[in-house]
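Residue-level structural notes
Here's the letter readout for the chains.
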Amino acid sequence: MGIEEKAADLGVVTTSLEHVVNWGRTNAMWPLLFGLACCAIEMMGAQSANYDLSRFGMEINRASPRQADLMIVAGRVSRKMAPVVRRLYDQMSDPKWVIAMGDCAACGGIFNNYAIVQGVDEVVPVDVYVAGCPPRPEALIDGIMMLHAKVQREKISGVKEAPITLQHALLQVDVAKK
Amino acid sequence: MDNQTLLKHLRDRFGDAILATDEAHGELRVNLRREAYVAVAQWLRDDPALRYTFLENLCAVDYLGRTPRFEVVVHLVSMQHIHRVCLKLGLPEADPTLDSLTPIFPTANYQEREAFDLMGIRFTGHPSLTRILLPDDWVGHPQRKDHPLVEEEIAFTFNQDRIYAQKPFAKE
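Residues numbered from 1 in each chain as written. Chains lettered and ligands numbered in written order. Predicted model: local features only at pLDDT ≥ 70, side-chain atom pairs only at ≥ 80, totals over all residues. Heavy atoms only, no water.

What UniProt calls "domain: NADH:ubiquinone oxidoreductase-like 20kDa subunit" (unreviewed entry) maps, in this numbering, to residues 38–147 of chain A. Taken end to end, residues 38–147 of chain A is 33% helix and 12% strand, and its two terminal C-alpha atoms sit 22 Å from one another. (UniProt positions renumbered as here; feature names shortened; annotations may be inferred. Helix = DSSP H or I, 4+ residues; strand = E, 2+ residues; numbered from the N terminus.)

Quick look at helix 3 (residues 108–119) of chain B now. All names here are of chain B. Between the first and last C-alpha of helix 3 there are 16 Å, a value that for 12 residues agrees with the 16 Å anticipated at 1.5 Å per step. Most of helix 3 is tucked away, with nine of its 12 residues classed as buried. What helix 3 keeps buried is the set A108, Q111, E112, R113, A115, F116, D117, L118 and M119. Its buried side turned inward, helix 3 meets strand 3 (54–62), strand 4 (70–78) and strand 7 (122–124). Where helix 3 ends, the next residue or the one after it, G120, has phi of about 80 degrees, a positive value. (Expected span 1.5 Å × (residues − 1). Buried < 20%, exposed > 50% of the residue type's maximum accessible area, 1.4 Å probe, protein only. Contact = heavy atoms within 4.5 Å.)

What follows concerns unusual backbone geometry. For the bond running from D94(A) to P95(A), omega is -5 degrees, close enough to zero to count as cis. Examined against the element boundaries, P95(A) turns out to sit in the loop between helix 4 (82–91) and strand 2 (97–101). Looking along the chain, the bond that leaves C133(A) and enters P134(A) is cis, with omega of -15 degrees. Unusually for a residue other than glycine, R51(B) sits at a positive phi of about 55 degrees. Along the chain, R51(B) turns up in the loop between helix 2 (37–46) and strand 3. Classification of R51(B) by relative accessible area gives partly exposed; the value is 31%. A positive phi angle is found at I82(B), which is not glycine, with a value near 50 degrees.

Structural data, given as structure tokens:
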């Protein structure tokens, strides 16, 4: 017999403030409206009717960084574009998160040359990397759900958790059994 | 207008400015001395028998290991005669300068800026020879053949610790 059972009869639910805040942030994320290259086409595909990102409360991209809290870097960032991306990130209001979508944004991808920033994490701190060239909309949605899980683990103090380092590959094939 | 007629006109007028000529893919290519470059282009544009009034293309090529190392390639088109001619200017590595074509063909403006930006050819007489594609504070000319081809060592599991220790990750 806890207070929850009695209070629930009255239409009251008790929970922690941390949980409510993270729940609210998770279910109403506002992505920033910009795309840098071909990955943006897949991002638009993820937002359209077939894949329907509005299931996660993300149906509208905001064109103003003041109103956005999620930056999806969709595409390669050229050296000339890098200061612009950083300025957009600085103009976004806290709390804010970054998804590096695609190989180019994650590590430079196939463009290992002078013109492209070798990973957007040199410019802005990245929360989730989505691999693929370009990633399919399912992969982007998976990355967004991974970000949601990360946001829900955030503390009310605002401290972000440290990056997760994988000690082993995600996909492991047991050769001996085959 | 055909290649031989044009070549005859050119030889009559600028015989000592022509270093070499050849024909490739039906197109006349003329290697010129760079001192005569603007005069030849102006004459090709203004002569009523020729009227090469359209600068189709201006770019620079780096032949590393050859002298002269750089070459500026210019294509002029005569809309009147439906004919194209290619001018080539060899430029030495120590002094890659060339007179600007911008006073004659205004469209040369951006193309000369691009050749300066990526290849480091300096066009004297250009109204504003600044970088056009790369950031203004860029050092070097990356389309030169002696520019490093690869920007960054590729990280694998066996060397990622060493690479990521040097990589400038962004802070909040």
